[in-house]
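# What the coordinates show
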Amino acid sequence: MRAGRLLASLPKASFRTLTPGRSVTSLGPLAAAFNAKPNGLSNGLAQWGQEKTGLFGIEELSTSEGFYHMKAKCIENASALVREACSDQRTRNVAVIFDDLSDELCRVADLAEFVRLAHPEQAMQEAATDACIAISGLVEELNTHLGIYTALKNSVEKGDLRPETEVDKHVAKLFLQDFQQCGIHLPELGRRQVVELNDQALRLGQSFSARCHAARAVKADFLPPQIRSFFPLERDGSVVVSGQHIDSPDDLAREAAYKIYYSRDGEQEHLLREMLTSRHQLAKLCGYKTFGHRALTNSLAQTPENTELFLKGLADQLSSRVAGDHEHMQQMKKRVNPMAGPLAMWDVPYFSAQARATMFQLDLEKICEYFSLGVAMEGLNELFQSLYGVELVVEKPQAGELWSEDVFKLSVRSQSSGLLGFIYCDFFARASKPHQDCHFTIRGGRERADGSYQDPIVVLMLNLPSPGWRSPTLLSPSTLDNLFHEMGHAMHSMLGRTKYQHVTGTRCSTDFAEVPSTLMEYFAADPRVLARVNRHYKTGEKLPESTVQMLCATKKIFASTELQAQLFYSAVDQAFHSRDPLPEDTVAALQGVQSEYHTLPHPHGTAYHLRFSHLVGYGARYYSYLMARAVASAIWQHGFQQDPYCGSQGRKYWAECLAHGGGKPSHLLVSDYLGQAVTQPAALAGGLIQEVDAKRMEVERASARR
Ligand SMILES: [Zn+2]
């Protein structure tokens, strides 16, 4: 079991029937709800005489005390399940008992993790933190429990009491691999070393991350006088460089900022090197060739070798295309400054942003007025109805159910099979809320022993400005992309109908987990979809077709350059995690990767990777973005490019890709849906290259029409 997933008990909030009345406003109930200023009285705050419940409808969470009870009950139930798994009188298969155990732990740990991060009240945060610590301690204990490990291992190797399906066998194997990744199969000394190395890697990773975004001070006279004013001057005469200055139109200022910000840092190099070494040793000890081989077990890519084939395939075909983009940027650079030198690393973000802002001369502020949050939600609803026959319905929460009055509760209902689950939309920024867009599983879907289905519950967290009295929240093109992306995660959870909660919805390999969300970005960038989604919040007017075309084309400017940046980051991550032996000198390794995967030269004296904090969190899995994009692109072309609202394709994709969660190996899931040939690493790379070419043509067509 992995800590950090949860399942809460069934909410007492009655499963209300559909909210009636689509006719109140011409925009529909979702648009009306999401565009209104949140009102605590109408949205779940206590009213006189109204029945009260607790968070997420869990009665005992009406006060923070509830967490202490939940924790105690969880520990008690977990030990009963451990006894059952180890008993020779057991009547259930070990995997089924394990899933119950995982459910017990996750329902408290995941809920507590969310509350710890997002609840505005200190008492709740503290109680949740206490529960998090207690449950992760228990999980750690269970990860080294030889009794349950032996029972599981025997059942995987010799078969279990009751007949097993492919899914049963796959899930049992996943549980077993989780154990073996922690070295449980090793002798006592080895097990202890694994724990130590894990701790060490964790601590080093935290220290490395903490220094990744630190500003750097240099003496003012280190900078040429004409650019000193671009940087804040300290009292002691030093200037502080806190980022790349990618918005600065001055070539020299960008160059100086880049070279100072990314200059080498001995302490950081040391921390990184030590972290990579601990990870490498840990993987070796557990029987893997490298940390990358360990991290990619059960992934879509399957092995670092496949990942490398994929990345190399991209690099080979990308450089000639990037050259075209760079030529264009070089001309832009010369126009600003005829004496400018050749294009360099610090120019790319600046000219990319410039091109996006100016190529089609779109007034983005005006355009945002056509994309209010309510209109976007209504558009998503229409899309899901067409694709899956599934509707988003605004629910009235019970008093006490929400942690903040501006949270919306949606139920997801299928025309054929009724309620599928709940999405709590925590969309608006507030003090002390984490500044990231993310999807939390609060309760995973699974088949219960009595044959009923435990519906999933998730929270989507965004940081949008709240609606005002006069105007709703308006979305920029990139915020609209984010909303579509996150809703892709939520629907992956809602549409999963897995037997086990261990593999519900997004609980699958990192690279596959990003596929459904990335696919949603293809919908958000398609003119036929945006033509239906937009509507002015005041006048109800639609954008002209040509504006929608240009808006979609804007997202595709310099697509090959953007792809190359992601390719470079992915290759750096692989070079550090998937080579045996590890590279001695990380700066030299970075230079090697740059010359192989990037078209621009490595700026002497710089060390980009020392600020690449994703090396810690993703560790060998940063490529997931690109691979998910490649697979999503193939799915888009296969199923939706012809008609983004095609119901038969939507239902096929649901049944073959989304319904399984992680219950089927992700590479099989994708190859069964798309066909074996499409999912080979080289073919996936080829698909992304085709897409880059199609995007370039779309930009050219839109420019010609301007
Ligand atoms: Zn995502």
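Analysis parameters
- Residues numbered from 1 in each chain as written.
- Predicted model: local features only at pLDDT ≥ 70, side-chain atom pairs only at ≥ 80, totals over all residues.
- Pairing = 2+ DSSP bridges.
- Helix = DSSP H or I, 4+ residues; strand = E, 2+ residues; numbered from the N terminus.
- Axes fitted to C-alpha atoms, helices over the stretch in contact; angles between N-to-C directions.
- Contact = placed C-beta atoms within 7 Å.
- Parallel < 35°, antiparallel > 145°, perpendicular 65-115°, else oblique.
- Left-handed = near helix turned anticlockwise from the far one by under 90°.
- Nonpolar A, V, L, I, M, F, W, Y, C, P; charged D, E, K, R; others polar.
- pLDDT = per-residue confidence, 0-100.
- Expected span 1.5 Å × (residues − 1).
- Buried ≥ 20, exposed ≤ 12 C-beta atoms within 10 Å, placed from the backbone.

Moving on to the sheet that holds strand β3 (residues 390–395). The strand order β3-β4-β5-β9-β6 describes an open sheet built from five strands, whose pairing is mixed. Edge strands, defined here as strands with exactly one partner in the open sheet, are β3 and β6 (438–443). Adjacent strand axes in the sheet meet at a mean angle of 25°, parallel and antiparallel pairs treated alike. Relative to strand β9 (residues 457–464), β6 runs antiparallel, the two sharing five bridges. By the bridge assignment for β9, Phe440 is matched with Val459. Most of the contacts of helix α15 (residues 477–495) go to β9, to which it runs at about 175°, and overall it touches β4 (408–414), β5 (418–428), β6 and β9.

Where helix α2 (residues 65–86) contacts helix α3 (residues 94–118), the two axes come as close as 10 Å, and the packing angle between them is 165°. By the angle between their axes, α2 is roughly antiparallel relative to α3. As for the relative orientation of α2 and α3, their crossing is left-handed in sense. Mapping the contact onto sequence places Phe67, Met70, Lys71, Cys74, Asn77, Ala78, Leu81, Glu84 and Ala85 in α2 and Val94, Ile97, Phe98, Asp100, Leu101, Glu104, Leu105, Val108 and Ala112 in α3. The residue inventory of the contact of α2 with α3, partitioned by class, reads 13 nonpolar, one polar and four charged.

With that settled, consider the confidence of the model for the protein. Predicted confidence across the protein gives a mean pLDDT of 91, with 94% of residues reaching 70 or more. Within the model, the stretch residues 1–25 combines pLDDT values under 50 with 70 contacts to residues more than four positions away or in other chains.

Over its 25 residues, helix α26 (residues 681–705) extends 37 Å from the first C-alpha to the last, a length consistent with the 36 Å expected when each residue adds 1.5 Å. Looking only at α26, the buried set comprises Pro681, Leu684, Ala685, Gly687, Leu688, Glu691, Val692, Lys695, Val699 and Ala702. Against α11 (304–336), α19 (545–554), α20 (559–577) and α23 (624–640) lie the buried residues of α26.

Below, the discussion takes up the pairing of β9. The element β9 is largely enclosed, with a buried count of six among its eight residues. Bridging between β5 and β9 involves six bridges; their strand directions are parallel. Paired with Phe428 across the two strands is Leu464, which belongs to β9.

Another aspect to go through is helix α9 (residues 266–285). Structurally, the α-helix is built with 3.6 residues per turn, so residues lying three or four positions apart point the same way. End to end, α9 covers 28 Å across 20 residues, agreeing with the expected 28 Å (1.5 Å per residue, within 8%). Turning to α9, its buried residues number three or more, namely Leu271, Leu272, Met275, Leu276, Ser278, Arg279, His280, Leu282 and Ala283. Packing partners of the buried residues in α9 comprise α7 (188–212), α10 (291–295), α20 and α21 (586–597).

With respect to the helices, strands and loops of the structure, Ala431 is situated in the loop between β5 and β6. Classification of Ala431 as exposed rests on a count of 5 C-beta atoms within 10 Å. In sequence terms Ala431 and Pro225 are 206 residues apart; their C-alpha atoms lie 40 Å from each other.

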